[in-house]
Amino acid sequence: MRRAAVDGLRILRGFTPEEMSAIVADSMELVLRPLVYAESSDLVEHHRSRGEPVYIVSATLQEIVQAIADDLGFDGALGTVCEVENGVYTGRALRALHAEGKAACIRELGYELAESSAYSDSHTDLPFLEAVGHPVAVNPDRALRRIAADRGWPVLEFGRRAA
């Protein structure tokens, strides 16, 4: 796991999952919803109209991505799962969704990935994007923009905030 991600998990040490859920719930309206692009909501509706399940897959803590998925009406969420001992987070990851971790996690869902789409903004998600038949770069970093151009992947630019 990347060093910054490991350090980020340490901050959870001592919190309970219930406390984290309360923080996320309190933050949803003012902090999390304003980060959602309107275009991503349009994409969700597009996939749902075709009967396709829609998941958030993120290196962010599972409790956070699950709350976002629930709020936005997604079918599910896959995020980093942290160890809990004696009712509190230890700061260690049990499932870290970085790079190949994301790809491995979506393979476990059991969907036909050759027919699936994945969206990302970072070159660090390359294994995740390569795991599906329809990878799409969204507001990509420089490296992912280059990779998408080389491979003929669509590149989308989102700019309108949903909130």
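Please refer to the structure placed before this passage.
Worth saying up front: this structure is predicted, and the values here are computed from it rather than measured.

J.: Please provide a residue-by-residue account of the overall build of the protein chain, values included.
T.: Looking only at helices and strands, the protein chain features seven helices and six strands. Secondary structure elements of the protein chain occur, N-terminal to C-terminal, as α-α-α-β-α-β-β-α-β-α-β-α-β. Burial analysis of the protein chain (163 residues in total) assigns 37% to the buried set. Restricting to contacts in the protein chain with at least 6 residues of sequence separation, those with at least 24 account for 45%. With 17 positive and 25 negative side-chain charges, the protein chain shows a separation of 7 Å between the mean positions of the two kinds.

J.: Any chance you could break down the pairing of strand β2 (residues 76-85) for me, citing the residues and the numbers?
T.: Of all 10 residues in β2, seven are buried; the element is thus mostly enclosed. For the segment spanning strand β1 (residues 55-61), helix α4 (residues 62-72) and β2, crossover handedness is right-handed. Bridge count between β2 and strand β3 (residues 88-95): four bridges; the pairing is antiparallel. When the bridges of β3 are listed, valine 84 appears paired with tyrosine 89. Where β2 folds back onto β3 in an antiparallel hairpin, the turn is made up of two residues, including asparagine 86, whose phi is positive at roughly 55 degrees.

J.: So what's going on with the sheet that holds strand β5 (residues 134-138)? Which residues, and what values?
T.: Spatial strand order, β4-β5-β6: three strands in an open sheet with parallel pairing. Of all strands in the sheet, those bounded by a partner on one side alone are β4 (117-120) and β6 (155-156). Across two bridges, β5 lies against β6 in parallel orientation. Across the sheet, the residue bridging to alanine 137 is valine 155, located in β6.

J.: Quick one: what's the story with the environment of valine 88, residue by residue and with numbers?
T.: Along the chain, valine 88 turns up in strand β3. Classification of valine 88 by relative accessible area gives partly exposed; the value is 25%. With 74 residues separating them in the primary sequence, valine 88 and glycine 14 have C-alpha atoms 5.2 Å apart. When neighbours within four sequence positions are excluded, valine 88 is seen to be in contact with Gly14, Phe15, Thr16 and Glu83.

J.: Could you give an account of the pairing of β5, with specific residues and numbers?
T.: With respect to burial, β5 is a largely interior element, four of its five residues being buried. Sheet topology places β4 next to β5; four bridges connect them, and they run parallel. Looking at β5, one finds that tyrosine 119 is bridged to valine 136.

J.: Account for the packing of aromatic side chains, with residues named and values stated.
T.: Applying the stated rule across the entire model yields one aromatic pair. Geometry around phenylalanine 128 places lysine 102 over its ring, the cationic atom sitting 5.7 Å from the centre.

J.: An account of the pattern of salt bridges is requested, with residue identities and associated values reported.
T.: All chains considered together, the criterion is met by eight salt bridges. In this structure, the salt-bridge partner of arginine 50 is glutamate 52, at a minimum N-O distance of 3.0 Å. Several salt bridges share partner residues, and in doing so they unite Glu83, Glu85 and Arg92 into one network.

What counts as what
- Residues numbered from 1 in each chain as written.
- Predicted model: local features only at pLDDT ≥ 70, side-chain atom pairs only at ≥ 80, totals over all residues.
- Heavy atoms only, no water.
- Helix = DSSP H or I, 4+ residues; strand = E, 2+ residues; numbered from the N terminus.
- Buried < 20%, exposed > 50% of the residue type's maximum accessible area, 1.4 Å probe, protein only.
- Contact = heavy atoms within 4.5 Å.
- Lys, Arg positive; Asp, Glu negative; His and termini not counted.
- Charge placed at Lys NZ, Arg CZ, Asp CG, Glu CD.
- Right-handed = clockwise from strand over helix to strand, strands pointing away.
- Pairing = 2+ DSSP bridges.
- Phe/Tyr/Trp six-rings, centres within 6.5 Å; stacked < 30°, edge-to-face > 60°.
- Lys NZ or Arg CZ within 6 Å of the ring centre and 35° of its normal.
- Salt bridge = Lys/Arg side-chain N within 4 Å of Asp/Glu carboxyl O.

In short, geometric facts, not functional conclusions.
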